[in-house]
Amino acid sequence: MSVFAALNGRARWLLALFVASLALAPVAADRYILSVLILIFYFAYLGQAWNIMMGFAGQLSLGHSLYVGLGAYVAAALWTKFGVGPWAGMFAGMAVAMAFGAAIGWLGFRFGIAGVYFALLTIAFAEFTRIAFDHMDWTGRAGGLFLPVRAEQAHQWWNLRGGPLLFYYLALALMLGALWLCAALRAARIGHYWLAVREDEAAARALGIDVFAVKMKAVLISSAMASVGGTFYAFYYNNLFPAQIFDMSRSIEMILAPIVGGLGTLIGPILGAFILTPLGEGLIAATEEAGLSAPGTKAVFYGLALMAIVWVAPSGVWPWLRRKLGLETP
Amino acid sequence: MTLKTSVSRRAVLAGAAAGSAALAAPAIVSAQAGTLRIGVLLPRSGLLAQAGQSCHRGALAAPRVLAELGYRVELVHVDTESNADIARTQAERLINDGAHVLTGAFDSGHTLAVAQVCEQRQVPFVVNIAAAPPITEQGLKFLVRNFQTGPQLVTNGLRLINSLIAATKIDPKRAVFLHANDTFGQAQRNAMDAIFPRTNMPFQLVESIAYDPRAQDLSVEVTRLRSLRPDLVLVVTRASDAIKLVRDMVRQRFEPMGIVSPGSPGMYDEEFYQALGPLADFHVSNLPWVNPKSAMTQALERSFATTNPGNRFAADGFNAGFTFEALLIAADAFKRAGTTSGVPLMEAIRATNLAEHVMIGGPIRFDEKGQNPNIGSACVQNRGRTPVVVLPEDAATMAPVLPMPGWQGRA
Amino acid sequence: MPFDFYVTVAVQGVLTGLVYGLMALGLSVIFGVVRVVNFAHGEFAVVAMYLAFLGFAAFGLDPILAMLPIGLGFFGLGYLLQRHLINPFVGRPEHEQFILLVGLAIVLVNGLLMLFGPDTRHANLPYGFDSYEVANVLIDKVRVYAAAAALVVAACLFAFFRWSRTGMAIRACADNLLGAAIVGLDVKHLYALTFGLGMACVGAAGALMVVLADATPMLAPAFTLLAFTIVIVGGMGSMAGALVGGILIGVSEAFASFLVAPSAKSMFSFAILIAILALRPQGLLGRKP
Amino acid sequence: MSRFLEVAHVTKRFRGLTAVDDVSFGLEKGAIYAIIGPNGAGKTTLFNLLAGVYAPDAGHIAFEGTPIAGLAPEKICQAGIARTFQIVRPFPGLSVLENAKIGALLRHRDPADAEQAAGETLRRLDLWDKRRQLAASLTLPDRKRLEMARALATEPKLLLLDEVMAGLRPTETDRIVAILKALAAESGLTVLLIEHVMRAVMALAERILVLHHGAAIAEGEPTAVVRDPLVLECYLGAEALE
């Protein structure tokens, strides 16, 4: 685990405790908590993928649902149409997502589109693709693509057919794998170059950094990671609809966690997911208990909480917490 | 809510780390003896809120009617926020909190998300509304659907168009099929493409047009429709699109013989009547409907009036009726099974045979796939800003009128 | 296909596009000066729609007239919002503004849902179903009124920025913030004024939208996206650009749905957006950044 | 005749204004060379032409015998020419060490090696003690030194310095002069600087080029150039000779 060499002793202990308790959680936690944890891991994973582009390389993507949707649809279609297993499907989905990422990156970075303009470019691609899938006969058009659930496949874990424990550990592995990958990338040459580009492109170029190539690497890695999340989603839910999976609201949902947790940090996406998903679930229970049954009440509180968080800790909760816990490297 | 479950929620709030999760051991709380606890999952906020709240009003009216019939149920209402993730986690939570049966979930995607949870936890799931055929094609053992599939809706809808033509003696030559390009609309389109050529209808289907359900404006769509000069316009809309369509037809002075929905929401919803006033009249929806002549429907209508004083039962009939029936099926099975335990309760649900119920059609029964094949469809025409059953004759309270009167002298 | 159908479609596209353009104008003004991207833009438009609906339901006030009080009220709201909520986020990274405004958007949409329910609300105007007939071409009365009103509002705003002292001061801020501060302009006040003006545009556009569309909370995200598309196509910060962008999007969607497939019409808008970003990222009438 | 850096008849125009007008000069390896001139004389434009920010409208630039005119900035840096910016642009959100490390990664692909090399550069520029600070928190003199450190970390053969002494106190200027002299002596680094601070120019430069309205009006050894009547008239004025 050389990539975590930078952590001080206390941080290493906390990380080990965190991983161990999550690994053992299914022993104690009930099914509801497991299902919430699966969602947390999923959003932490996607947040990590998005964080590479925005947190590291400084490229604001508001269309990441595109890559998730492509990873989901490609793997699901290969499985339902040709019986190709999800592991192979995952790589196919990755390839397609990376091709789209490359197209967006090439257009955006070649023509120097940045900031909000780049964000709009990513939205335009995601929406364009959503409507295209709404019209694609091969994947059931807007009517949706349904993955067959057969009893005889119920325990084919290698085909991602199985119960909640399978998906729990899969999601946990995704989240921890993404953490490891991002830590490794961050420590590598490319990680430093991403930060340089994020901070100041002209200065980065003056230091011999090929900004275009560096940004392309970010979008390629990020889109590939997001597409893997999509494959997971497809086999977890077993049905896909363009209007849901490619929707802009999904893109927004997945970037809240890394921003709230701490943009550009390794722990931020995880912490953000551990704050926001339980916040949503907790607010459902809390408004119910308080007798506030009017639909929308929960969401109003959720929105207010988002505003409060960014008001109090604009650069994210993790940088603040890290200081409080004394995990700052001296 | 019991103490135990509130602990489990706080545990989630606290971050759901394993240590605290230990406190939240499965909290299956037995309900009061002799009461069936049913979790009702509906999209009451988000994109599907209009339909979800309409269904919810039916669920609110249900307990009194069920109590009168001697059933003892306790309902737990949960909003899925039109989000499959929330539908799934909340299904888990409801079961943790002691729900014996789940109903819902209006949307096909949400329904399948909940169905997986129910299948794994062996808790019966009675679908109120969801039309995607795969729901009952997956071999799910803990799911039944008391709703028509897309192909059934279209088959019945087209058959009723034939009856409608015979009853009103109109002679349409050309028809255009216009549908929202969303999950439901696409399912209807698939069914239409497959079924229409085999039905030998007396008119020609000139074109099928899909429109964008997110579009703010449908005036050009109506212009295109007008250019095709259809006698009949067959529409599959969502609640608010139907208003835009009719409004633009009026503005563009386009008057077909009739506007008929072969099974979709839109033209019987309260907002349609509110927005269009007299122009809302004479449109026809062919779809499952509450049987106005059934005693149970009348009881439900009375209860609905007290629980939802601000709403008309007539406009909510479809959504409220099916939501009520899902609860009825669960309550009845519980009465017969005498237990809240999932496996025997599910057996009882599959053995359902209810002759008395609220929707038009034969007795509620389920085939081996868990699908009720006996749901009838009615021809419902808007008259005096109220949906009125005009066909089949045994359920009709008025006779159908087509071609519809011109827009002009209405307002 | 008879020729008059094409004319009808084109006119519908232009008229609808003008109202969209007015909505986008608000976004453009705010971004052009304050450099804050208002991600809650569509939500504010929908709030204005509900206000116009209430005005009509309670007092029979025509939404086209209600545009004035609502625009004024939104100006005040915008001023206060900028001063007290958004100002601390000016100059901060975009993602922080984004979270703040996304949170606000969630609160607004769901607040409307709680207050008004999910059913669509309409102002049933006495002339709501009328249309003009000119040489076989049918044009809705409401669309003509709304488009004309949108043009008037845009013209007023244009005149304000062109000729009033305050308007010129705001433009000075946009061109050179440091310079403006040095010559003693109260930048905070001017920013708040600008935000208020942008919001007034949204308020007016929302009120006009009521005569064209039905109010429901769920419209908001689509409005936000539409406004963004138009602003980028027309040119961020360019007032004429917003109107031109609106018309371009309106007309292209109209012809796409008439000639190609109605369900795919917004694909053409996004295709235009992508093409503009690649070929002319500053937008049709925008200045090079 | 292939010199280390050869600039021949370079011209650059902006919208009719000729910022650099037919300028030629050459550099020998290991030399310290200065470009001076009043504000608006085209010094920074000439610099940006060398650094690849602009391509010249006419003329040639060759570095070690290879033409480099019109190459992208990163290619020029990779070829061995590093630069600083007149208005310093360190990476504000990163630490001093990370700033230098990013420069060092150009020649040391392994991050550990790069960190070591960056550390050495920082020591050389008296920034080692501040290596953990965020660049944004540095004082202006420190930021100017960081700018140099980052450029030096790319291990250039030619270093372009754009007014690094401006705004510094005389003692700080002297310190930088000493560092540059040591570097040139030890590693054979070639330096081209734009500078207003004549004290530094006179102490460092072996040759001086004087620009005025984009054109070269004098070139030669410092002592000769500052006595050139044209230079005196155009730029230096009386006070520079004190």
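Residues numbered from 1 in each chain as written. Chains lettered and ligands numbered in written order. Predicted model: local features only at pLDDT ≥ 70, side-chain atom pairs only at ≥ 80, totals over all residues. Heavy atoms only, no water.

Participant: Describe in detail the overall build of chain A, supporting the description with residues and values.
Facilitator: Across its full length, chain A holds 14 helices and 2 strands. In terms of overall size, chain A behaves like a compact globule, its C-alpha atoms giving a radius of gyration of 20 Å where 330 residues would be expected to give roughly 20 Å. Counting only C-alpha atoms, chain A reaches 55 × 50 × 45 Å along its principal axes. In chain A, buried positions account for 64% of the 330 residues. Put simply, chain A shows about 10,900 Å² of open surface, and 70% of that area lies on carbon and sulfur atoms. (Helix = DSSP H or I, 4+ residues; strand = E, 2+ residues; numbered from the N terminus. Rg over C-alpha atoms; globule rule 2.2 N^0.38 Å. Buried < 20%, exposed > 50% of the residue type's maximum accessible area, 1.4 Å probe, protein only. Areas by Shrake-Rupley, 256 points an atom, 1.4 Å probe, with all protein chains shown as cover.)

Participant: So what's going on with the nonpolar core? Residues and values would help.
Facilitator: The nonpolar side chains of a soluble globular protein tend to be buried, and buried together. In terms of nonpolar packing, the biggest core is built from 293 residues, with Leu37 and Phe41 of chain A touching the most fellow members. At 20 residues, the largest contribution of residues to this core is made by helix H2 (residues 31-56) of chain A. Sequence-distant contacts of Phe41 of chain A, that is, excluding residues within four places in its chain, are made with Leu22, Tyr168, Ala171, Leu172, Met175 and Phe274 of chain A. Listed in part, the 115 residues of the second largest apolar core include Tyr71, Met192, Leu327 and Ala348 of chain B. (Core = buried A, V, L, I, M, F, W, Y, C linked by side-chain atoms within 4.5 Å. Contact = heavy atoms within 4.5 Å.)

Participant: Please give an account of the interface of chain B and chain A that cites residues and values.
Facilitator: Each side of the interface is counted separately: chain B has 49 residues, and chain A has 52 residues. In this assembly, chain B packs against chain A so that about 4,200 Å² is buried in total across both faces, 52% of it on carbon and sulfur atoms. Connecting chain B to chain A are 5 salt bridges. The salt bridge involving Lys298 of chain A is made with Glu81 of chain B; its shortest N-O contact spans 2.9 Å. (Buried area = accessible area lost by both parts, 1.4 Å probe. Salt bridge = Lys/Arg side-chain N within 4 Å of Asp/Glu carboxyl O.)

Participant: How would you explain the pairing of strand E8 (residues 232-236) of chain B if you had to name every residue and give the values?
Facilitator: Residues and elements named next belong to chain B. The element E8 is largely enclosed, with a buried count of 5 among its 5 residues. Along E8, one buried face is formed by Leu232, Leu234 and Val236 and the opposite face, lined by Val233 and Val235, is buried too. Sheet topology note: the strand E6 (residues 174-180)/E8 ladder contains 5 bridges and is parallel. Its bridge partner lying in E8, Phe177 is registered against Leu234. In terms of strand pairing, E8 meets strand E9 (residues 258-261) through 3 bridges, oriented parallel. The partner of Val233 across the bridge, within E9, is Ile259. As a crossover connection, the stretch from E8 through helix H9 (residues 239-251) into E9 is right-handed. (Pairing = 2+ DSSP bridges. Right-handed = clockwise from strand over helix to strand, strands pointing away.)

Participant: Please provide a residue-by-residue account of the sheet that holds strand E3 (residues 101-104) of chain B, values included.
Facilitator: Residues and elements named next belong to chain B. The strand order E2-E1-E3-E4-E5 describes an open sheet built from 5 strands, whose pairing is parallel. Only two strands of the sheet have a single partner each, and these edge strands are strand E2 (73-79) and strand E5 (143-145). Geometrically, the sheet is characterised by an average inter-axis angle of 20° between neighbouring strands, direction not taken into account. Here strand E4 (residues 125-127) runs beside E5; their pairing, made up of 3 bridges, is parallel. (Axes fitted to C-alpha atoms, helices over the stretch in contact; angles between N-to-C directions.)

Participant: Lay out the arrangement of the chains in plain terms, naming residues and giving numbers.
Facilitator: In this assembly, 4 pairs of chains are in contact, and the pair contributing the most contacts is chains A and B. There is a gap between chain B and chain D: no contact, and a shortest C-alpha distance of 30 Å. There is a clear gap between chain C and chain D: no contact, and 12 Å between their nearest C-alpha atoms.

Participant: Please give an account of the sheet that holds strand E5 (residues 66-67) of chain D that cites residues and values.
Facilitator: All names here are of chain D. Taken in spatial order, the 4 strands make up an open sheet running E2-E1-E4-E5, and their pairing is antiparallel. Only two strands of the sheet have a single neighbouring strand rather than two, namely strand E2 (17-27) and E5. Direction of pairing for strand E1 (residues 5-14) relative to E2: antiparallel, over a ladder of 7 bridges. Paired with Val7 across the strands is Phe25, a residue of E2.

Participant: An account of the interface of chain D and chain A is requested, with residue identities and associated values reported.
Facilitator: Chain D puts 24 residues into the contact, and the matching count from chain A is 21 residues. Considering only the side of chain D, the residues that lose the most area to chain A are Glu74, Phe91 and Ile102 of chain D, jointly responsible for 27% of the buried surface there. Scanning the region where chain D abuts chain A turns up 3 salt bridges. Salt-bridge contacts for Arg186 of chain A lead to Glu98 of chain D; the nearest nitrogen and oxygen are separated by 2.7 Å. Listing elements by their share of the side of chain D that touches chain A, those giving two or more residues are helix H2 (73-79), helix H3 (96-104) and helix H5 (140-153) of chain D. Partitioning the side of chain D that touches chain A into residue classes produces 12 nonpolar, 4 polar and 8 charged. (Nonpolar A, V, L, I, M, F, W, Y, C, P; charged D, E, K, R; others polar.)

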